[in-house]
Amino acid sequence: GAVVSQHPSRVICKSGTSVKIECRSLDFQATTMFWYRQFPKQSLMLMATSNEGSKATYEQGVEKDKFLINHASLTLSTLTVTSAHPEDSSFYICSARPGANTGELFFGEGSRLTVL
Amino acid sequence: GENVEQHPSTLSVQEGDSAVIKCTYSDSASNYFPWYKQELGKGPQLIIDIRSNVGEKKDQRIAVTLNKTAKHFSLHITETQPEDSAVYFCAASFNNDMRFGAGTRLTVKP
């Protein structure tokens, strides 16, 4: 299957700082990528849809100024958690779709954020 | 919008036994149904999928069945092994809008 890479896999930061997580499609171009948040023992919660060259579409209840998404190229989307607080600690996962209408979705390895 | 329900939330089986996980969906327009396996601390991995024009698909020990009339689909794992232990998610998708089930934690006891 297609490969989606996320970096970093783990990050620890102090409260009030900002953290950037990268999501790359390694062997295909993705005009659309998706960002999820996952709490322990829970399902994937879609945060936003990242669109190359345009603004991200955020799900209801997700603060766009808190979770900045940039999709500057066809292979890279970034999620920046701004002014992070302990409650932002979570597992963040991205996904991307190789074809426009194939339906197949491939996930990155996830990034564990811990805010002290 | 689409709503996907998944059962059971936890499943424990003995090594060698079969495991079945079931999902129902609400939007009859959904036409793509993938299953993902998520190991601890990792992202979900696509293990098998099925499209609405097919009733069953098999890949070695894994099979998926789809009943469009009843709007439910199931994952079947035969001859389970300890390495099958993970959380499994079903999903239903239409027009690239994918919704996930709540997940099933499968434990295979050696």
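Residues numbered from 1 in each chain as written. Chains lettered and ligands numbered in written order. Predicted model: local features only at pLDDT ≥ 70, side-chain atom pairs only at ≥ 80, totals over all residues. Heavy atoms only, no water.

This part takes up the overall build of chain A. Broken down by element type, chain A carries 0 helices and 11 strands. Helices and strands appear in chain A in the N-to-C order β-β-β-β-β-β-β-β-β-β-β. Here the C-alpha atoms of chain A give a radius of gyration of 13 Å, agreeing with the 13 Å that 2.2 N^0.38 yields for 116 residues. Each principal axis of the C-alpha distribution contributes one length, and for chain A these read about 40 × 25 × 20 Å. Looking at chain A as a whole, 49% of its 116 residues are labelled buried. Restricting the contact set of chain A to residue pairs at least 6 apart, pairs at least 24 apart contribute 53%. A total of about 5800 Å² of accessible surface is found on chain A, and carbon and sulfur atoms cover 51% of it. (Helix = DSSP H or I, 4+ residues; strand = E, 2+ residues; numbered from the N terminus. Rg over C-alpha atoms; globule rule 2.2 N^0.38 Å. Buried < 20%, exposed > 50% of the residue type's maximum accessible area, 1.4 Å probe, protein only. Contact = heavy atoms within 4.5 Å. Areas by Shrake-Rupley, 256 points an atom, 1.4 Å probe, with all protein chains shown as cover.)

Moving on to the sheet that holds strand β3 (residues 19-25) of chain B. All names here are of chain B. Read across the open sheet, the 5 strands follow the order β1-β3-β8-β7-β6; overall the sheet is antiparallel. Each edge of the open sheet is held by one strand with a lone partner, namely β1 (4-7) and β6 (56-59). Across this sheet, the average inter-strand angle for adjacent strands is 15°, counted without regard to direction. With 6 bridges connecting them, strand β7 (residues 62-67) and strand β8 (residues 72-77) associate as antiparallel partners. Among the inter-strand pairings, Asn-67 is bridged to a residue of β8, identified as His-72. (Pairing = 2+ DSSP bridges. Axes fitted to C-alpha atoms, helices over the stretch in contact; angles between N-to-C directions.)

The next point concerns the state of the cysteines. Tallied over the entire structure, the rule returns 2 disulfides over all chains. Across the disulfide from Cys-23 of chain B sits Cys-90 of chain B; the S-S distance is 1.9 Å. Between Cys-23 of chain B and Cys-90 of chain B the disulfide shows an S-S torsion of about -100°. By sign, it is left-handed. Taken together, the positions of Cys-23 of chain B in strand β3 and Cys-90 of chain B in strand β9 (residues 86-94) put the pair 67 residues apart, joining distant regions of the chain. Both residues of the pair, Cys-23 of chain B and Cys-90 of chain B, count as buried. Residue Cys-13 of chain A stays outside any disulfide, its sulfur separated by 18 Å from that of Cys-94 of chain A, the closest cysteine. (Disulfide = S-S within 2.5 Å.)

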